[in-house]
Amino acid sequence: MTTPVTNGDLQRCDTIRSWHAPLARVRHGAIASMGALALAGAPSSSQAQEIELTFAGPYPDALFHVQNIRQFIEDIETSSDGRIKISFYPAQSLFNHSEAMQAVRTGQVDMAELQLTQFANQEELYNVEALPYLAKSFEEAMTLWDIALPAITERLRQDRIMPLYTVPWPPQAFYANKELKAATDMEGLKFRVYNPIGARMAEQMGAEPVLVGGGEVPQAFSTGMIDSMITSSAFGASASAWDYVDVFNDVQAWFGYDQIVMNIRSFERLPEDLQHVVTDAAARAAERGLQMSEDAHVSEMKTLEDNGMAVVSGHPAFVAAAQEATKVIIEDWIEAVGPTGEAIVSEFRERTAE
């Protein structure tokens, strides 16, 4: 884990609308029906029964993703005239990140914030977001996500989960106590990773990978479990990385994604007009979150610098070695996922070819 907005970027929020296209086609009819019911003496929205939903997240409030979630929740509650009330539990206060997928699958929570690559042991497809040195900008990262979304949506549906919106993380950097100038500089590092691809990348470059969730990073540094890590500028700043390491190596290994998902049954239990409230708010959150992510990358690198860290661009020799060492990871991912994986990478390369 751990580049300007174009018109194409703004169109990406429409992906969630396309997932709910059948609902969108009947929206005007639904509104008309609601009006007829009101004229017939149906209860007003202020009299309607309040629907309570629960939302679990792994990250603290300081992170821009969580700030965006809070705006998303406020948008839903306001747009529904208070008919939907969402109780939000950030910072793993309800479930650990590793438990969140199961919690939303079983309906223990209605909504959750996930990073799907951390659940790639359940489905290799989810590692699409961590394929190293494939997407090279925010725009390319969202192009890759748009291409993969139909397959991911179908896979999530098997677990009674639906995607609401997705926001990219800033590019993933390497935090260490030295500038990484050659692949050999990774040798012997106890390197925090958060997914299997990160672990494999670390191993191929001579480091010792240590799987540590976001909420446990400070403790892992403090106890000596790790002495370096991969994550974004945003997460590094939220975790006060300057307390543990000296150098932010901006190697831009990949762009991960923050996925907001919902239990399908919880969604389907909502009246049709409230389903649209949720999906419309999600589209706005996707658009807003993309801009927040781009802004956070710049501002949080300054935060790291202001707190004493050296912020350096990825050294060309190191990045070249990392790219060479990780080519096989993409090839192996395509083989593991099969024709779907091959189609995703092929279309991505065609659409981003210079």
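Here, the structure is the one placed above.
Residues numbered from 1 in each chain as written. Predicted model: local features only at pLDDT ≥ 70, side-chain atom pairs only at ≥ 80, totals over all residues. Heavy atoms only, no water.

Details of the nonpolar core
Argument step 1. Of all hydrophobic cores here, the largest spans 62 residues; its most connected members are Ile152, Phe174, Met186, Met201 and Trp333.
Argument step 2. Top element by residues in this core is helix α7 (residues 138-158). It accounts for 10 residues.
Argument step 3. In this structure Trp333 touches Glu124, Leu125, Asn127, Val128, Leu131, Gly341, Ile344 and Val345, once residues within four positions along its chain are discounted.
Argument step 4. Judged by nonpolar contacts, the second largest core, of 52 residues, contains Phe88, Ala220, Ala237 and Leu274. (Core = buried A, V, L, I, M, F, W, Y, C linked by side-chain atoms within 4.5 Å. Buried < 20%, exposed > 50% of the residue type's maximum accessible area, 1.4 Å probe, protein only. Helix = DSSP H or I, 4+ residues; strand = E, 2+ residues; numbered from the N terminus. Contact = heavy atoms within 4.5 Å.)

As for the sheet that holds strand β9 (residues 247-250)
Argument step 1. With respect to topology, six strands assemble into an open sheet ordered β7-β6-β8-β5-β9-β11, the strand pairing being mixed. If you trace the sheet from one side to the other, it starts and ends with β7 (208-211) and β11 (310-313), each paired once. The mean inter-strand angle of the sheet, taken between neighbouring strand axes irrespective of direction, is 25°.
Argument step 2. With two bridges connecting them, strand β6 (residues 190-193) and strand β8 (residues 228-231) associate as parallel partners. Bridge pairing in β8 places Arg192 opposite Met229. (Pairing = 2+ DSSP bridges. Axes fitted to C-alpha atoms, helices over the stretch in contact; angles between N-to-C directions.)

A short note on the environment of Ile260
Argument step 1. Looking at the element boundaries, Ile260 is found in strand β10 (residues 257-263).
Argument step 2. Exposure remark for Ile260: the relative accessible area of 0% places this residue in the buried category.
Argument step 3. The spatial distance from the C-alpha of Ile260 to the C-alpha of Thr166 is 6.2 Å, given a sequence separation of 94 residues.

Points about the packing of aromatic side chains
Argument step 1. Taken as a whole, this structure holds 11 aromatic pairs when the rule is applied.
Argument step 2. Centroid distance Phe138 to Phe255: 5.2 Å. Interplanar angle 70°. Geometry classified as edge-to-face. With Phe138 in helix α7 and Phe255 in the loop between β9 and β10, this pair connects stretches of sequence that are 117 residues apart. Judged on exposure class, the residue Phe138 and its partner Phe255 are both buried.
Argument step 3. Where Trp145 meets Tyr257, the ring centres are 5.0 Å apart and the plane angle is 45°; that geometry is what we call tilted. Of this pair, Trp145 sits in helix α7 while Tyr257 sits in strand β10, and the two are 112 residues apart along the sequence.
Argument step 4. Take Trp145: its relative accessible area is 4%, and that puts it in the buried class. (Phe/Tyr/Trp six-rings, centres within 6.5 Å; stacked < 30°, edge-to-face > 60°.)

Here's the deal with the sheet that holds strand β2 (residues 84-89)
Argument step 1. The strand order β2-β1-β3-β10-β4 describes an open sheet built from five strands, whose pairing is mixed. The open sheet has two edge strands, β2 and β4 (161-168), and neither has a second partner. Taking the axes of each pair of neighbouring strands and ignoring which way they run, one obtains an average angle of 20° across the sheet.
Argument step 2. As defined by bridge partners, strand β1 (residues 51-56) adjoins β2 across six bridges and the pair is classed as parallel.

Scope: geometric values only; no functional claims are made or implied.
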